[in-house]
Amino acid sequence: MTASPGDRLRPMRWWDIDEVQSLESDLFPQDAWSIEQFWSELAHVPETRWYAVHEDSDGIDGYVGLAAVPPDADVQTIAVARRSQRRGLGRGLLTALEQEALRRGCRHLFLEVLAGNEAALRLYTTAGFEPMGRRSSYYGPGLDAVVLRKRLGSEAPPDGTGSTSSPAESAASSQDAL
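Definitions and limits used
- Sequence positions are assigned chain by chain, starting from 1 and proceeding in written order.
- Residues qualify for local features only when their pLDDT is at least 70, as the model is predicted, and side-chain atom pairs are given and counted only at 80 or more; totals for whole chains, interfaces and linings, by contrast, use all residues.
- Hydrogens and water molecules were not included; the side-chain quantities draw on all heavy atoms of the structure.
- We count a stretch as a helix when DSSP gives it H or I for four or more residues in a row; a strand needs E for two or more, and each element gets its number in order from the N terminus.
- Residues adjacent in sequence count toward polar contacts only when both atoms are side-chain atoms; beyond that, a polar contact is any pair of N or O atoms within 3.5 Å, and within protein one must be able to donate a hydrogen and the other to accept it.
- Contacts are assigned to residue pairs with any non-hydrogen atoms lying within 4.5 Å of each other.
- Values of pLDDT, the confidence the predictor places in each residue, fall between 0 and 100.
- Classification of ring pairs uses Phe, Tyr and Trp, with its six-membered ring standing for Trp, and accepts pairs whose centres are within 6.5 Å; under 30 degrees between planes counts as stacked, over 60 as edge-to-face, and the remaining range as tilted.
- Throughout, exposure labels follow a simple rule: accessible area from a 1.4 Å probe, protein chains only, divided by the maximum for the residue type, with under 20% read as buried, over 50% as exposed, and the rest as partly exposed.
- To estimate how far a helix should extend, the number of its residues minus one is multiplied by 1.5 Å.

This part is about the side chain of Glu41. Looking at the element boundaries, Glu41 is found in helix H2 (residues 35–42). Within polar-contact distance, the side chain of Glu41 engages the side chain of Gln76 at 3.2 Å. Ignoring anything within four residues of it in the chain, the contact list for Glu41 reads Trp33, Arg49, Tyr51 and Gln76.

Okay, structure coming up:
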């Protein structure tokens, strides 16, 4: 995570919900979570959920959420404010989420991403996620999701990427799946 002095990752708390939901609405206008959805998710912390926010000097600039019921875990949400994009924060949040999934004993990490979100797809595939399929109109009419999976810990191949295929094979299969 590219960080500046004063930047920090900390657990999401109820008093963060308004700011997080505002960021959510800006980044995901077609299917933003409501304040009630964030409240519902935080109600399951720490039993099956983990949520964290990243702060810079201007406030919350990223957040991440995990649902974990070993051996599987799901990326519930991950977002980076426009002002902090393309600085490594998304990768840092994803790494923190993977570490939490491993700490909870999970061996597989799943997520859905908007099929047209090329930046997110690049982040996930370079982090070792592999396409598993598609969910038609998952984000609304005509807005498909790509379902991705990464194997964690002892399930991961020796190269640590989560992929069983070579980088060239992964790239080819990712393009085919998209």
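Having seen it, we continue.
Let's shift gears to the environment of Leu152. For Leu152, the location among the structural elements is in the loop between strand S7 (145–151) and helix H5 (167–177). Residues Leu152 and Arg107, 45 residues apart in the sequence, show an inter-C-alpha distance of 4.7 Å. Every residue in contact with Leu152, bar those within four places of it in the chain, is listed here: Glu98, Ala101, Leu102, Cys106, Arg107, His108 and Leu109.

Predicted confidence across the protein gives a mean pLDDT of 87, with 83% of residues reaching 70 or more. Long-range and interchain partners of residues 162–178, a stretch whose pLDDT sits below 50, account for 24 contacts in this model, where long-range means more than four residues apart.

Now for the packing of aromatic side chains. Going through the model one piece at a time under the given rule, you end up with six aromatic pairs. Relative to Phe129, the ring of Tyr124 has its centre 5.7 Å away and its plane inclined at 70°; by these criteria the two rings are edge-to-face. On the basis of relative accessibility, which here comes to 3%, the residue Phe129 falls in the buried class. Feature note: the residues Trp14, Trp15 and Trp39 constitute an aromatic cluster, connected by ring pairs.

Compared with the 21 Å implied by 1.5 Å per residue over 15 residues, the 21 Å span of helix H3 (residues 89–103) between its first and last C-alpha is a close match. Within the sequence span of H3, burial applies to Leu89, Gly90, Gly92, Leu93, Leu94, Ala96, Leu97, Glu98, Glu100 and Ala101. Positive phi appears at Gly105, one or two residues downstream of H3, with a value of about 85°.

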